[in-house]
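Close look at the chain arrangement
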Amino acid sequence: MTIYTAPTRDMQFLLHDVLQVSAADLPGHADLDREFTEAILEAAGQLASDMLVPLNAVGDQQGCVLENGVVRTPEGFGAAFEAMKEGGWTGLDCDPEYGGQGMPYVMGVATGEIFVSANMAFNMYQGLTHGAYSAIHAHGTDDQKQTYLPKMVSCDWTGTMNLTEPHCGTDLGMLRTKAEPQDDGSYLITGQKIFISAGDHDLAQNVIHLVLAKAPGGGEGTKGISLFIVPKFLVNADGSLGERNGVSVGALEHKMGIHGNATAVMNFDGARGWLLGELHKGMRAMFTMMNEARLGVGLQGYAVAEAAYQNAVAYAKDRLQGRAVTGAENPSGPADPLIVHPDIRRALMDQKSFLEGARALAFWGAHLIDRGHHGDAAAEGLVSLLTPVIKGFLTDKGFETAVLAQQVFGGHGYIEENGMSQFVRDARITMIYEGANGVQALDLVGRKLAQDGGKHVMAFFDEVKGFIKANEANAALAADFLEPLKAASKDLQAAAMFFMENGMKNPNHALAGSYDFMHLFGHTVLGYLWARMAVAAQAALDAGTAEAGFHDTKLATGRYYMKRQLPMTATHLARIRSGADPVMALAADQF
């Protein structure tokens, strides 16, 4: 069985030394002192270790089964889901008015990472429910909120999002699902949706589907789309469950990974639904859920890789193979452990430096969302800009990191019993769903850069510049952190300038470079956050409060990222500057 221990010490460092969440002038943040957050993270880690980690392989091997219209989840999932509910984890950052605990979103992200690392497929049942809760909370009527949210916060009822159809994925303007208005204000929903995660299961009493459909009078394209609440079981006026709605599971998808989650084909045959938000403006309401989901998927990308990395480290320390070139380090044994070899160290350092930077980005993004929820428009604009970077870059690199972890095992990583294959297979979906990463790159370059006159990307550049200036007197960090960050920021600005100068004349010049730009941006953001972590770690050392080598290790890991990973910004810039001509050179029949 694979291992996993929640990285609570690193999380505490980010929350308190880097982000300083308890000092933030935001509701609920003053309560987030070190002792309080440590208790929460340790409890989440205990639940993960005791119940979720042992079920990860079970879910992968057993999968979900559709029997006579009923979806059965893997053995043990029901008991674990009840434990998750009883502990209040499903409503940690939800509105207290509907039974939530009202904690900042950043705490939901921190505990979410732990649960995803332990068992990604299992955590999706509550994770998708949180997204549906957020959409109803933001756009629902008072009656809809009172009807659905308390049960969704507790996960007595779970939620889904239904967008994709067999003939349309990214291009939602092509969807065919119809909504026919009824005299009582409801709609009859007819159509088929595919790839619906947690579409149906035996873990909850009801499933609340949020469904995109076209109602009469909406016109063509996405402007004619509306969003509807379509429960599996109709809800009576007193809140009790009524008759079964006209929604059923047509099939369960056979997938590469996340076998423990029921990914369903959903059939809506005149199912009764109720409009959520404004008529013909469903995309606006759905994007409340989509943006949260994209941040959550970015978290999944690195969280699964964190679990893979922990297993790779343990294997590298235990597996005896060969001798260190500088002399035997285990002279009493037949060989030295793998970890003595420089290329194994390179693989592990690539993983470690990415994972700690990725965690910093996810936590920073969550903190920006908390600020945005309380009226900070600049924070909201910045996290909107960063969302495709968080989703796209963290999942691309997260999958790459999981593969690196598998590689440390050599042939044993390819054998299913050792569990590394599952990490790779589970991580792969994160690059695809909630908007494939190529689409994230197009969104970043095509929409987010120019959003609000480009002020959000300029705000990011200003933040980096201000940080460098504020710390330029720190001689201990200047050469190793500030100078590489300055160079990366200049590369990012040069890439944005290339798009401005060439994109209007030929849009393909921007689109052909969009994927490289997303990665260039991702590396630059991680470089910025590594520099922030270095400042915090150095401050602890200077103050004499460093503990057991943690801060020395943090600085050494950061230096590795700045020296070995951040220089990739120059490569991405060179590729962007090559323009669209090499990309578009072949005619379709030449492929």
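The structure reproduced in this document is the subject of the present report.

Across a regular strand the side chains alternate sides, sitting on one face of the sheet and then on the other. Counting buried residues in strand S7 (residues 225–231) gives 7 out of 7 residues, a clear majority hidden from the surface. Here S7 shows no split at all, with Ile-225, Leu-227, Ile-229 and Pro-231 on one side and Ser-226, Phe-228 and Val-230 on the other all buried. Sheet topology places strand S6 (residues 206–214) next to S7; 7 bridges connect them, and they run antiparallel. Residue pairing in the sheet places Leu-212 in a bridge with Leu-227 of S7. Sheet topology note: the S7/strand S11 (residues 263–275) ladder contains 2 bridges and is antiparallel. Paired with Ile-229 across the two strands is Trp-274, which belongs to S11.

A few words on the packing of helix H12 (residues 455–471) against helix H15 (residues 514–543). Angle between the axes and distance between the axes are the two parameters that describe a pair of packed helices. Relative to each other, H12 and H15 sit at 30°, their axes nearing to 11 Å. With respect to each other, H12 and H15 are oriented roughly parallel. H15 is crossed by H12, and the crossing has left-handed handedness. Together, Val-457, Phe-460, Glu-463, Val-464, Phe-467 and Asn-471 of H12 and Phe-521, Thr-524, Val-525, Tyr-528, Ala-531, Arg-532 and Val-535 of H15 make up the contact between the two elements.

This brings us to the environment of Gly-257. Relative to the helices and strands, Gly-257 is located in the loop between strand S10 (247–252) and S11. For the pair Gly-257 and Arg-428, spaced 171 residues apart in the sequence, the C-alpha separation amounts to 7.6 Å. Those residues in contact with Gly-257, other than ones at most four positions away along the chain, are Arg-425 and Asp-426.

Here we take up the nonpolar core. Core analysis: the biggest nonpolar cluster contains 185 residues, and Phe-363, Trp-364, Phe-460, Phe-517 and Phe-521 have the highest contact counts within it. The element that contributes the greatest number of residues to this core is helix H7 (residues 282–318), accounting for 20 residues. Beyond its immediate sequence surroundings of up to four residues, Phe-363 is in contact with Met-11, Leu-14, Leu-15, Leu-19, Val-106, Val-109, Ala-110, Glu-113 and Tyr-302.

Another aspect to go through is the pattern of salt bridges. Should their charged atoms come close, side chains of opposite charge can pair. Applying the stated criterion across every chain yields a total of 29 salt bridges. Where Glu-165 meets Lys-193, a salt bridge forms, and the shortest distance between an N and an O atom there is 2.9 Å. Here Glu-165, found in the loop between strand S3 (157–162) and strand S4 (178–181), pairs with Lys-193, found in strand S5 (residues 187–197); they are 28 residues apart in sequence, far enough to count as distant. For Lys-193, a relative accessible area of 0% gives the class buried. When the shortest N-O distance is used, the salt bridge between Asp-443 and Lys-448 registers 3.2 Å.

Attention now goes to unusual backbone geometry. For Cys-155, which is not a glycine, the phi torsion comes out positive at approximately 65°. For Cys-155, a relative accessible area of 0% translates into the label buried. The backbone of Glu-434 sits at a positive phi, close to 60°, despite the residue not being glycine. Looking at where Glu-434 falls in the secondary structure, it is placed in the loop between helix H10 (420–428) and helix H11 (437–448). Glu-434 sits in the buried class, given a relative accessible area of 16%.

This brings us to empty space enclosed by the protein. It is the rolling of a water-molecule-sized probe over the atoms that shows where space remains empty. Within this structure, the stated rule accounts for 3 cavities of 30 Å³ or more. Looking at the largest cavity, its volume works out to about 610 Å³. Put simply, the parts of the chain that give the lining of the largest cavity at least two residues each are helix H4 (105–118), helix H5 (120–139), H7 and helix H8 (342–373). Per element, the largest residue contribution to the lining of the largest cavity is 8 residues, and it comes from H7.

What counts, and where the lines are drawn
- Within each chain, residue numbers correspond to sequence positions counted from 1 in written order.
- In view of the model being predicted, local features appear only for residues whose pLDDT reaches at least 70, and side-chain atom pairs are presented and counted only at 80 or more, with totals across whole chains, interfaces and linings using the full set of residues.
- Only hydrogens and water are set aside when side-chain values are computed; all heavy atoms of the structure are taken into account.
- Relative accessibility thresholds used throughout: buried, under 20% of the residue-type maximum; exposed, over 50%; partly exposed, between the two (1.4 Å probe, protein chains only).
- Strands here mean DSSP runs of E at least two residues long; helices mean DSSP runs of H or I at least four residues long; both are numbered from the N terminus.
- Any two strands with at least two DSSP bridges between them are considered paired.
- Fitting a line to C-alpha atoms yields each axis, with helices limited to the stretch in contact; the angle taken between N-to-C directions then spans 0 to 180 degrees.
- Note on terminology: angles under 35 degrees are roughly parallel, angles over 145 are roughly antiparallel, angles of 65 to 115 are roughly perpendicular, and the others are oblique.
- The handedness criterion is simple: a crossing whose near helix is rotated anticlockwise from the far helix by less than a right angle is left-handed, and one whose near helix is rotated clockwise is right-handed.
- In this description, contact between two residues means that some pair of their heavy atoms is separated by no more than 4.5 Å.
- Note on terminology: a nonpolar core comprises buried Ala, Val, Leu, Ile, Met, Phe, Trp, Tyr and Cys residues joined through side-chain atoms within 4.5 Å.
- By definition, a salt bridge exists where a carboxyl oxygen of Asp or Glu is found within 4 Å of a side-chain nitrogen of Lys or Arg.
- The method works on a 1 Å grid over the protein atoms by themselves. A cavity is a set of points holding a 1.4 Å probe that cannot get out, a pocket is an open set with protein on both sides within 12 Å along at least five of seven lines, and residues with an atom within 4 Å of a point line them.
- Grid points are joined across faces, edges and corners, and a volume is the space filled by probe spheres set on the points.

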